Amino acid sequence: GCSAKYPFVVMLASELGREFADAGHSGAAAYWLGLADSTWMEMNAMPYYARFGWKSLYEMNFNDDYYPGASPSPVWKRGLENSTVVPLAVALEMMYGVIR
């Protein structure tokens, strides 16, 4: 099987669980949140995902494969952030005068 399915299952199951909990459907919420948790633990037992060091499912960053070390925050420079880790951001910044 494809290991790329794990983050999607975790993301979808956790969001479904949260929505069911908000709606007062505790049985459905428990099922989906339990699935998110068990899938999260199974996923992080795999060497591929363990290398990221995510401590919670809310730390998952789908960009880690393509832009290692990039923050999941905006790519535009703010304070100490470095937009050079995302090549498109650099190109957009260089063309700002033309695009504007």
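Quick note: structure is the one above.
Residues numbered from 1 in each chain as written. Predicted model: local features only at pLDDT ≥ 70, side-chain atom pairs only at ≥ 80, totals over all residues. Heavy atoms only, no water.

Participant: Can you break down the environment of phenylalanine 8 residue by residue, with the values?
Facilitator: One can find phenylalanine 8 in helix H1 (residues 5-22). Here the alpha-carbon distance between phenylalanine 8 and alanine 36, two residues 28 residues apart in the chain, equals 9.7 Å. (Helix = DSSP H or I, 4+ residues; strand = E, 2+ residues; numbered from the N terminus.)

Participant: Which residues make up helix H2 (residues 26-44), and what are the values?
Facilitator: In this model H2 runs 26 Å from its N-terminal to its C-terminal C-alpha over 19 residues, within 8% of the 27 Å that 1.5 Å per residue would give. Every buried residue of H2 is listed here: Ala29, Ala36, Thr39, Trp40, Met43 and Asn44. Buried residues along H2 cover an arc of 125° about the axis, so they all sit on one side. Of the exposed residues in H2, the ones pointing more than 90 degrees away from its buried face are Gly27, Ala30, Tyr31 and Met41. For H2, the elements touching its buried residues are H1 and helix H3 (47-50). (Expected span 1.5 Å × (residues − 1). Buried < 20%, exposed > 50% of the residue type's maximum accessible area, 1.4 Å probe, protein only. Arc of directions from axis to C-beta. Contact = heavy atoms within 4.5 Å.)

Participant: Give a description of the nonpolar core that names residues and reports values.
Facilitator: One recurring pattern in soluble globular proteins: nonpolar side chains tend to sit buried together. Of all hydrophobic cores here, the largest spans 8 residues; its members are Tyr6, Val10, Trp40, Met43, Tyr49, Trp54, Leu57 and Met60. Elements that contribute at least two residues to this core include exactly H1 and H2. If sequence neighbours within four positions are ignored, tyrosine 6 has contacts with Thr39, Glu42, Met43, Met46 and Tyr49. (Core = buried A, V, L, I, M, F, W, Y, C linked by side-chain atoms within 4.5 Å.)

Participant: Go over the packing of aromatic side chains, please, and point to the residues and values.
Facilitator: Applying the stated rule across the entire model yields 5 aromatic pairs. Seen from their ring centres, tyrosine 48 and tyrosine 49 are 4.9 Å apart, and the 90° between their planes marks the pair as edge-to-face. A residue is classified by how much of its surface remains accessible, and tyrosine 49, at 4% relative accessible area, is buried. Seen from their ring centres, tyrosine 48 and phenylalanine 52 are 5.7 Å apart, and the 85° between their planes marks the pair as edge-to-face. Chaining the aromatic ring pairs together yields one cluster made of Tyr48, Tyr49, Phe52 and Trp54. It is arginine 51 that lies over the ring of tyrosine 48; its NZ or CZ is 4.4 Å from the centre. (Phe/Tyr/Trp six-rings, centres within 6.5 Å; stacked < 30°, edge-to-face > 60°. Lys NZ or Arg CZ within 6 Å of the ring centre and 35° of its normal.)

Participant: I'd like to hear about the pattern of salt bridges, residue by residue, with values.
Facilitator: All chains considered together, the criterion is met by 2 salt bridges. Across the pair arginine 18 and glutamate 15 runs a salt bridge whose closest N-O atoms are separated by 2.6 Å. In this pair, arginine 18 and glutamate 15 both sit in helix H1, 3 residues apart, roughly one turn of the helix. Of the residues examined, arginine 18 reaches a relative accessible area of 38% and is grouped as partly exposed. (Salt bridge = Lys/Arg side-chain N within 4 Å of Asp/Glu carboxyl O.)

Participant: Report on H1, specifying residues and quantitative values.
Facilitator: With 18 residues, H1 should reach 26 Å at 1.5 Å per residue; the first-to-last C-alpha distance of 26 Å fits that figure. Taken together, the buried positions of H1 are Tyr6, Pro7, Val10, Ala13, Ser14 and Gly17. All buried residues of H1 project into a common sector of 140° when viewed along the axis, lining one side. In H1, those exposed residues whose orientation departs by more than 90 degrees from the buried face are Leu12 and Asp22. If you follow the buried residues of H1, they end up packed against H2 and H3. At the C-terminal side of H1, glycine 24 shows a positive phi close to 85°.

Worth remembering: the numbers are spatial, not functional.
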